[in-house]
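Spelled out, the chains give:
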Number of protein chains: 2
Amino acid sequence: MEKITTGQTYEQAFQFSQEQVNAFALLSGDHNPIHLDAEYAAKTAFRRPIIHGFLAGSVFSKILGMDFPGEGSIYLNQTLSFLRPMYVDTAYIARLTVLEADATKRRARIKTEILEQESGRIMTEGEAEVLNKQRI
Amino acid sequence: MEKITTGQTYEQAFQFSQEQVNAFALLSGDHNPIHLDAEYAAKTAFRRPIIHGFLAGSVFSKILGMDFPGEGSIYLNQTLSFLRPMYVDTAYIARLTVLEADATKRRARIKTEILEQESGRIMTEGEAEVLNKQRI
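Residues numbered from 1 in each chain as written. Chains lettered and ligands numbered in written order. Predicted model: local features only at pLDDT ≥ 70, side-chain atom pairs only at ≥ 80, totals over all residues. Heavy atoms only, no water.

## A word on the nonpolar core
Point 1. Ranked by internal contacts, the top residues of the largest apolar core, which has 72 residues, are F60 and I114 of chain A together with F60 and I114 of chain B.
Point 2. When neighbours within four sequence positions are excluded, I114 of chain B is seen to be in contact with F14, A56, V59, F60, M86, Y92, I93, R121, I122, M123 and T124 of chain B. (Core = buried A, V, L, I, M, F, W, Y, C linked by side-chain atoms within 4.5 Å. Buried < 20%, exposed > 50% of the residue type's maximum accessible area, 1.4 Å probe, protein only. Contact = heavy atoms within 4.5 Å.)

See below:
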């Protein structure tokens, strides 16, 4: 099984629809109108409804658990800085960079970023730490 | 409108069902069997399916946006350490403690913890930073 190594990067494209944002509001109970109500959002600096930060960040949960390093990952911690508003039906890229893979402890510290595909601007940045006995 | 102040605490009880975990798996794409497959989970140290960390953490998104400080909150950042596995149909308490409310910058730094209701043990800990022009 292929192991992840220090310096390695991984990218995955993703986007969310308004229907997915609505579903996340129901699931989390976060019905903040900034995420759901176009008229309300139009009166704010964001102009349009923005995606919940936790829904956006869930792309890292998906990638770390399914793809990179993948099955067997145990999520230890995550930091998230929400730098810019993220919108529905907009193409984003999740970029993971392995800052340190410790093959003895089977742990990796991974830089986690979300970029807007068109502009390349960083929307969300942070770090994750995962344990994976097979792939680190 | 009531403002939040340094040292203030806020608690809210919550729990998630397996149906909600399944819905989060669909929404996020994180179909890691540790969250969904009781037979798979039984062979791991967790013994039973565990809640996605991002689903558990979404309780902070809900509380910060809806309740404390509430409407108008802009999420700036969040750290999460997943200390112990969290399970479905289990009573948890989200506890928020205002570490620093800056009335000039309208920003607050808030300690965010999840405790198991029965044992009082801390399952998840971290910090959030929010901006709220009305309530900080």
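## Describing the pattern of salt bridges
For side chains of opposite charge, pairing can occur when their charged atoms come near one another.
All names here are of chain A.
Point 1. This structure, assessed with the given rule, holds 14 salt bridges over all chains.
Point 2. As a salt-bridge pair, K62 and D67 come within 3.0 Å of each other at their nearest N and O atoms.
Point 3. Overall, the relative accessible area of 29% leaves D67 in the partly exposed class.
Point 4. With its nearest N and O atoms 3.8 Å apart, the salt bridge here joins R109 to E100.
Point 5. Where salt bridges share partners, they join R95, K111 and E113 into one cluster. (Salt bridge = Lys/Arg side-chain N within 4 Å of Asp/Glu carboxyl O.)

## Quick notes on the side chain of E116 of chain A
Residue and element names in this part refer to chain A.
Point 1. Positionally, E116 belongs in strand 4 (residues 107-116).
Point 2. E116 gets classed as buried once you look at its relative accessible area, which sits at 17%.
Point 3. Leaving out residues up to four positions away in the same chain, E116 has contacts with T90, A91, Y92, R121 and M123. (Helix = DSSP H or I, 4+ residues; strand = E, 2+ residues; numbered from the N terminus.)

## Some words on the sheet that holds strand 2 (residues 74-82) of chain A
Point 1. In space, the ten strands of this open sheet follow the order 1(A)-3(A)-4(A)-5(A)-2(A)-2(B)-5(B)-4(B)-3(B)-1(B), with antiparallel pairing throughout. Of all the strands in the sheet, the pair left with one neighbour each is strand 1 (9-14) of chain A together with strand 1 (9-14) of chain B. Each strand of the sheet is rotated relative to its neighbour by a mean of 20 degrees, with strand direction disregarded.
Point 2. The pairing of strand 4 of chain A with strand 5 (residues 122-131) of chain A spans nine bridges and is classified as antiparallel. (Pairing = 2+ DSSP bridges. Axes fitted to C-alpha atoms, helices over the stretch in contact; angles between N-to-C directions.)

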